[in-house]
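Residues per chain, in single letters:
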Amino acid sequence: MQHKLARQFFYDMTLARQFEQAAAEQYTQGKIGGFLHLYPGEEAVAVGSLHAAEAGDYVVSTYREHVHAMVWGVSPSAVMAELFGRATGCSGGYGGSMHLYDVSRRFLGGYAIVGETFAIAAGVGYWLRLNDSTHIVICYFGDGAANQGTFHETLNMASLWKLPVLFVCENNRYQIGTEIHRHSAVPDIYRHASAYGIDGRQVDGMDVVAVYEATRSAVQHVRSGNGPYLIECETYRYRGHSMADSGAYRSALELAELRARDPLALFRERALTQEWLNESDCQEVEKAVEGVVVDAVRFADESPPPTDLSKDVYAVPLDLYGGRP
Ligand SMILES: Cc1ncc(C[n+]2csc(CCOP(=O)(O)OP(=O)(O)O)c2C)c(N)n1
Ligand SMILES: [Mg+2]
């Protein structure tokens, strides 16, 4: 692997880890309202897959999307400010953690409803096809979302219409506290794709290089007009489902086994062994990222809240219903 790409992978995964750690600290200080779903353990998925896409492609994600937004070019400061509900946030402070959005980056959210992303990705894919575009949509979803009706309806239509959508499953084994073998009759999520004539594969989601390589060939398949593709990344989240969840339903042994496969530590070690990076490159990145995260928190802290909360909020006039709410 080239030094430049290895450095980018290491930078993005380090930023992902440190940013989420800072978000957790800010949440406990009461600076972030609502729910907060963090990504540690899953970094290789967003980083490996998004680096296989091209500028101009569209990204649709879930409520666990801070890292996808940043890797796709939304600045850490604009993301942190959004978590704080500040006017300088990427959604103007109206959305918060689960509703990051930046149309200029073609980052189309951030959705709180499980399974909501599928139909949105299909809509964008349909529009791209109608316009003979060479761009594609990358649609992230969790293992739990694969049991929603929208997953099956969307896969069916996306296959029929050969939509340019790459579905990326972040299979972290849990839907909140319910383990996959209790919520999925067929726990290998990639196998669901075959029911709709869509090709799919499973990949080690703790290995950023493996995710990158698998996504590169999947992207090529989708971009060449062959219709959708589904990649299932086997990954793990080290924290609870959200800041409101301790994750106590998992055994210490399970956690220790998965911590031993930490995607960030694994990549650091491999990059040093393969001489893609040296120790001082890694330390330089770690130091630089520390500064970026401190700056993002300071920027969010010093930013004002939105001035007009009713702006861009649409409501049906009450008189449409004879004045009844
Ligand atoms: C339609 C719907 N049902 C239930 C919920 C509550 N809920 C929020 S997250 C979640 C679990 C989803 O798990 P998964 O898709 O595996 O994603 P992960 O959180 O593991 O990344 C549920 C059930 C919701 N947000 N939307
Ligand atoms: Mg899950």
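Predicted model only: the values in this text are computed from it and were never measured.

Visitor: Looking at this structure, I do not really get the site of ligand 1. What am I missing?
Guide: Taken together, 15 residues sit near ligand 1, with V114, G142, G144, A145 and Q175 positioned nearest. A breakdown of the residues in the shell around ligand 1 according to their chemical character gives six nonpolar, six polar and three charged.

Visitor: What am I meant to see in helix 12 (residues 279–302) here?
Guide: Since there are 3.6 residues in each turn of an α-helix, residues three or four apart along the chain are aligned in direction. Here helix 12 is 24 residues long and its end C-alpha atoms lie 35 Å apart, about the 34 Å a rise of 1.5 Å per residue gives. Residues V285, V289, V293, A296, V297 and A300 constitute the buried set of helix 12. Packing partners of the buried residues in helix 12 comprise helix 1 (3–28) and helix 4 (76–83).

Visitor: Would you mind going over the nonpolar core with me for this structure?
Guide: The nonpolar side chains of soluble globular proteins are, as a tendency, buried together. Counting residues in each nonpolar core, the largest one holds 92 residues, and the members touching the most others are C139, V165 and L166. The leading source of residues in this core is helix 1, at 10 residues.

Visitor: When you look at the pairing of strand 3 (residues 165–171) in this model, what are you seeing that I'm missing?
Guide: Each regular strand shows side chains that alternate between the opposite faces of the sheet. Judged by how many residues are buried, strand 3 sits mostly within the fold: seven of seven residues are covered. Burial along strand 3 is two-sided: the face carrying V165, F167, C169 and N171 and the face carrying L166, V168 and E170 are both buried. Here strand 2 (residues 137–142) pairs with strand 3 via six bridges, running parallel. Bridge pairing in strand 3 places Y140 opposite V168. In this fold, strand 2 hands off to helix 6 (residues 149–160), which returns the chain to strand 3; that crossover is right-handed.

Visitor: Would you take a moment to explain the sheet that holds strand 3 for this structure?
Guide: One key point about sheets: their strands pair by backbone hydrogen bonds, in either a parallel or an antiparallel sense. Pairing is parallel across the open sheet formed by five strands, whose spatial order is 1-2-3-7-6. Each edge of the sheet is formed by a strand with only one pairing partner; in this case those strands are strand 1 (58–60) and strand 6 (199–204). Strand after strand, the sheet turns through a mean of 20° between neighbouring axes, direction not considered.

Visitor: Sorry if this is basic, but what is going on with helix 9 (residues 208–226) here?
Guide: Here helix 9 contains 19 residues, and its C-alpha end-to-end distance of 25 Å stays within 8% of the 27 Å for a straight helix at 1.5 Å per residue. Among the residues making up helix 9, those that are buried are V208, V209, V211, Y212, A214, T215, A218, V219 and V222. Structurally, helix 9 contributes buried residues whose contacts are with helix 1, helix 2 (43–50), strand 3, strand 6, strand 7 (229–234) and helix 11 (263–273). Looking one or two residues past helix 9, G227 carries a phi angle of roughly 90°, positive in sign.

Visitor: Even after reading the chapter, I still don't get unusual backbone geometry, so can you show me in this structure?
Guide: With the exception of glycine, the majority of residues adopt a negative phi angle, and the majority of peptide bonds are in the trans configuration. Of note, the bond from G109 into G110 is cis; its omega dihedral lies within 30 degrees of zero at 25°. With respect to the helices and strands, the residue G110 is situated in the loop between helix 4 and helix 5 (116–130). Phi at R173 takes a positive value of approximately 75°, unusual for a residue other than glycine. Tracing the chain through its elements places R173 in the loop between strand 3 and strand 4 (174–175).

Visitor: Looking at this structure, I do not really get the packing of helix 2 against helix 9. What am I missing?
Guide: For any two helices packed against each other, the geometry is given by the interaxial angle and the distance between the axes. Where helix 2 meets helix 9, the axes come as close as 7 Å, and the angle between the chain directions of the two elements is 40°. When the axes of helix 2 and helix 9 are compared, the pair comes out oblique. Of the two possible hands of crossing, helix 2 and helix 9 adopt the one that is right-handed. From helix 2, A44, V45, V47, G48 and S49 reach across to helix 9, where they touch V208, V209, V211, Y212 and T215. A per-class count over the contact of helix 2 with helix 9 returns seven nonpolar, three polar and no charged.

Visitor: Which parts of the structure should I look at to understand the packing of helix 1 against helix 11?
Guide: Relative orientation of the contacting elements helix 1 and helix 11 amounts to 155°, with a least axis distance of 10 Å. Classified by the angle their axes make, helix 1 and helix 11 are roughly antiparallel. Considering the relative orientation of helix 1 and helix 11, their crossing is left-handed. Contacts between helix 1 and helix 11 involve A6, F9, F10, M13, T14 and R17 on the former and, on the latter, P263, L264, F267, R268 and A271. Taken together, the residues that form the contact of helix 1 with helix 11 break down as eight nonpolar, one polar and two charged.

Visitor: Would you take a moment to explain the environment of Q148 for this structure?
Guide: For Q148, the location among the structural elements is in the loop between strand 2 and helix 6. Residue Q148 is classed as partly exposed on the basis of its C-beta count, with 17 C-beta atoms lying within 10 Å. Note: C-alpha distance between Q148 and A288 (140 residues apart in sequence) is 41 Å. When near neighbours in sequence (up to four residues on either side) are disregarded, Q148 contacts V114 and G115.

Visitor: What is the right way to look at the environment of Q283 in this model?
Guide: Note that Q283 resides in helix 12. Sequence separation between Q283 and I138 is 145 residues; the distance between their C-alpha atoms is 32 Å.

Visitor: Sorry, what's going on with the pairing of strand 2 here?
Guide: Within strand 2, six of the six residues are buried, which leaves the element mostly enclosed by the surrounding structure. Side chains V137, C139 and F141 of strand 2 all project onto a buried face; the interleaved residues I138, Y140 and G142 project onto the opposite face, where all are buried too. When strand 1 meets strand 2, the two strands line up parallel, connected through three bridges. Each residue of the ladder has a partner; that of V60, found in strand 2, is C139.

Here is what the cut-offs are and how they apply
Residues numbered from 1 in each chain as written. Chains lettered and ligands numbered in written order. Predicted model: local features only at pLDDT ≥ 70, side-chain atom pairs only at ≥ 80, totals over all residues. Near = placed C-beta within 6 Å. Nonpolar A, V, L, I, M, F, W, Y, C, P; charged D, E, K, R; others polar. Helix = DSSP H or I, 4+ residues; strand = E, 2+ residues; numbered from the N terminus. Expected span 1.5 Å × (residues − 1). Buried ≥ 20, exposed ≤ 12 C-beta atoms within 10 Å, placed from the backbone. Contact = placed C-beta atoms within 7 Å. Core = buried A, V, L, I, M, F, W, Y, C linked by C-beta atoms within 7 Å. Pairing = 2+ DSSP bridges. Right-handed = clockwise from strand over helix to strand, strands pointing away. Axes fitted to C-alpha atoms, helices over the stretch in contact; angles between N-to-C directions. Parallel < 35°, antiparallel > 145°, perpendicular 65-115°, else oblique. Left-handed = near helix turned anticlockwise from the far one by under 90°.

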